[in-house]
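Examining the three-dimensional arrangement
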Amino acid sequence: MITEEQVLNSLRTIQDPDLHQDIVTLGFIQNLTIDGGRVSFTINLTTPACPVREQFKRAATDAVKTIAGVTDVAIQMTATVRGTGRAPEQTALPGVKHIIAIASGKGGVGKSTLASNLACALQQTGATVGLLDADIYGPSQPKMLGTLNPPLSTTEDNQIIPWNQYGIKMMSMGFIVDDTTPVIWRGPMVHNILTQFVRQVAWGALDYLLIDLPPGTGDAQLTITQTVPLTGAVIVTTPQEVSIQIACKGLRMFSEVHVPVLGMVENMSYFLCGHCNERSPIFRHGGTRKACELHGVPFLGEVPIDATVTLDGDEGKPTVLAHPDSASAASYRAIAGQLAAQLSILTARSATGTEQPATSGCCGGH
């Protein structure tokens, strides 16, 4: 007769590559049942965006099949995103498990395009996602997600109900003023509206809230870091040395305010020929990876130059939705998986008092 102990012992051979513990010890195995030669159980990961979930499933199936008498193995893959457990998170934005700033040192590096595509990529995995456009002077998310001038409403307690587009909860200054009206405000007014977007919007329960910051290290960045319990930040840059140098200033800013940098992304990393698939590093290549190694932060991935991405943004449908089979969409999904991985690692390590993300590795099922 097959025993539960036999099954669990077989599964203990599967190690999490980052935490160096087996999936039984980490508590991923749930609902284990044995019916004759049929063994069924659930592997509950900590993010639906885990890039190695199928590897875990295959490894678990193979491990259990080595037990004498097993004729069938049925595994259900699920995920429950866990927050870092920080006390401020319970009061500032109840129900939001992870708040991630998408930042850049300078404008024009594709930060907002990355933010919209990451939001969609995470939502496609089954995660609940919100997107806050924190660029008050130049909000771009309404255009990129096809939500120009949507009608907004409020709850009974006067909380703004975020607009839902493609399954993503959104808020932006572009919902308040039309796309032709400039916002001519001093710093204190920017602080007030950003605080309102955080505290007076009914974000509800979210696995991930992405905040698309304006470029630089000014008022908006300080307001967000002082108002919101950020889980971490993602720095976006292009391969040119000047862009990377300025991006590293943003990296150091987050370090100064004690916000972990979850990693860097190299946008416009190369041009991929549509005829021969040859890569051409038009703006150089690889500088962001070297900067990550120098500063000890993860390299989350690279996105090619692709005119289709620009067209998709102009038409209000991010590339991961408009052209899901494209190389750019694959890059965005891979980056989303690596971001989820770093959040999972950070969550696990926060329990032990070590909150710096790993510089490499996959998410396993932390």
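Structure: above.
Each residue is numbered by its place in its chain's sequence as written, counting from 1. In view of the model being predicted, local features appear only for residues whose pLDDT reaches at least 70, and side-chain atom pairs are presented and counted only at 80 or more, with totals across whole chains, interfaces and linings using the full set of residues. Each side-chain value is derived from all of the structure's non-hydrogen atoms; neither hydrogens nor water enter the calculation.

**Some thoughts on the nonpolar core**
Formed by 76 residues in total, the largest nonpolar core has its most connected members in Ile 100, Ile 102, Trp 203, Leu 209, Ile 211, Leu 230 and Phe 254. Put simply, DSSP marks the helices as runs of H or I at least four residues long and the strands as runs of E at least two long, and each gets a number from the N terminus on. When residues of this core are assigned to their parent elements, the largest contribution, eight residues, is made by helix α12 (residues 327-350). Setting aside chain neighbours within four positions, we find Ile 102 in contact with Lys 111, Leu 114, Ala 115, Leu 118, Leu 210, Ile 211, Asp 212, Leu 213, Val 234 and Val 236. By size, the runner-up hydrophobic cluster in this structure holds 25 residues, among which are Leu 8, Ile 29, Leu 32 and Phe 41. Nonpolar cores are built from buried Ala, Val, Leu, Ile, Met, Phe, Trp, Tyr and Cys residues. Side-chain atoms within 4.5 Å join them into one set. Each residue is placed in one exposure class: buried if its accessible area under a 1.4 Å probe, protein chains only, is under 20% of its type's maximum, exposed if it is over 50%, and partly exposed if it falls in between. Only heavy atoms matter for contacts: two residues are in contact if any of them lie within 4.5 Å across the pair.

**Observations concerning the sheet that holds strand β1 (residues 29-35)**
Two strands pair if DSSP finds at least two bridges between them. As summarised here, the arrangement of the three strands in space is β1-β2-β3, forming an open sheet in which the pairing is mixed. Two strands close off the open sheet at either side, each with one partner strand: β1 and β3 (72-79). Averaged over all pairs of adjacent strands, the angle between their axes in this sheet comes to 10 degrees, without regard to strand direction. Bridge analysis of β1 against strand β2 (residues 38-45) gives five bridges, and the strand direction is antiparallel. Each residue of the ladder has a partner; that of Asp 35, found in β2, is Arg 38. Across the sheet, helix α1 (residues 4-11) lies against β1 and β2, angled at about 135 degrees from β1, the strand it touches most. With axes taken as lines fitted to C-alpha atoms, and helix axes fitted only over the stretch in contact, angles between N-to-C directions fall between 0 and 180 degrees. On top of the sheet, helix α2 (residues 53-65) reaches β2 and β3; it is set at about 150 degrees to β3, its chief contact.

**Quick look at the packing of helix α8 (residues 241-256) against helix α9 (residues 287-295)**
Look at α8 against α9: their axes get within 11 Å of each other, and the N-to-C directions meet at 35 degrees. Regarding α8 and α9, the two cross each other, and that crossing is right-handed. When α8 is examined against α9, the residues Ile 244, Cys 248, Leu 251 and Arg 252 are found in contact with a partner set consisting of Gly 287, Thr 288, Ala 291 and His 295. Each residue gets one label: Ala, Val, Leu, Ile, Met, Phe, Trp, Tyr, Cys and Pro are nonpolar, Asp, Glu, Lys and Arg are charged, and the others, such as Gly, are polar. Here the contact of α8 with α9 is built from residues that sort into four nonpolar, three polar and one charged. Whether a crossing is left-handed or right-handed is set by the direction in which the near helix is turned from the far one by less than a right angle, anticlockwise for left-handed and clockwise for right-handed.

**Quick word on α2**
Helix span, as expected, comes to 1.5 Å for every residue beyond the first. Taking 1.5 Å of rise per residue, the 13 residues of α2 would be expected to cover 18 Å, and the 19 Å separating its terminal C-alpha atoms lies within 8% of that figure. For α2, the complete set of buried residues consists of Phe 56, Ala 60, Thr 61, Ala 63 and Val 64. The arc that holds the buried residues of α2, viewed along the axis, is 165 degrees, so those residues lie on one side. Facing away from the buried side of α2, by more than 90 degrees, are the exposed residues Arg 58, Asp 62 and Lys 65. Buried residues in α2 make contact with α1, β2 and β3. The arc in question is the one traced by the directions running from the helix axis out to the C-beta atoms.

**So, the environment of Cys 50**
You can see Cys 50 is positioned in the loop between β2 and α2. Judged by its relative accessible area of 4%, Cys 50 falls in the buried class. Along the backbone, Cys 50 and Thr 125 are 75 residues apart, and their C-alpha atoms lie at a distance of 8.8 Å.

**Describing the layout of surface pockets**
In this approach the atoms are scanned with a rolling probe the size of a water molecule, which exposes any empty space left behind. Residues are said to line a cavity or pocket when one of their atoms sits within 4 Å of a point; the points come from a 1 Å grid over protein atoms alone, cavities being sets where a 1.4 Å probe fits but cannot get out and pockets being open sets with protein on both sides within 12 Å along at least five of seven lines. Grid points are joined across faces, edges and corners, and a volume is the space filled by probe spheres set on the points. Each pocket or cavity is described by its volume, and for the largest pocket that value is around 320 Å³. As for the largest pocket, its lining consists of 17 residues, of which Gly 110, Thr 113, Met 268, Val 309 and Thr 310 are closest to the centre. When contributions to the lining of the largest pocket are tallied by element, the ones reaching two or more residues are α5 (141-144) and α10 (307-314). A per-element tally of the lining of the largest pocket places α10 first, with five residues. In terms of residue class, the lining of the largest pocket is built from eight nonpolar, six polar and three charged.

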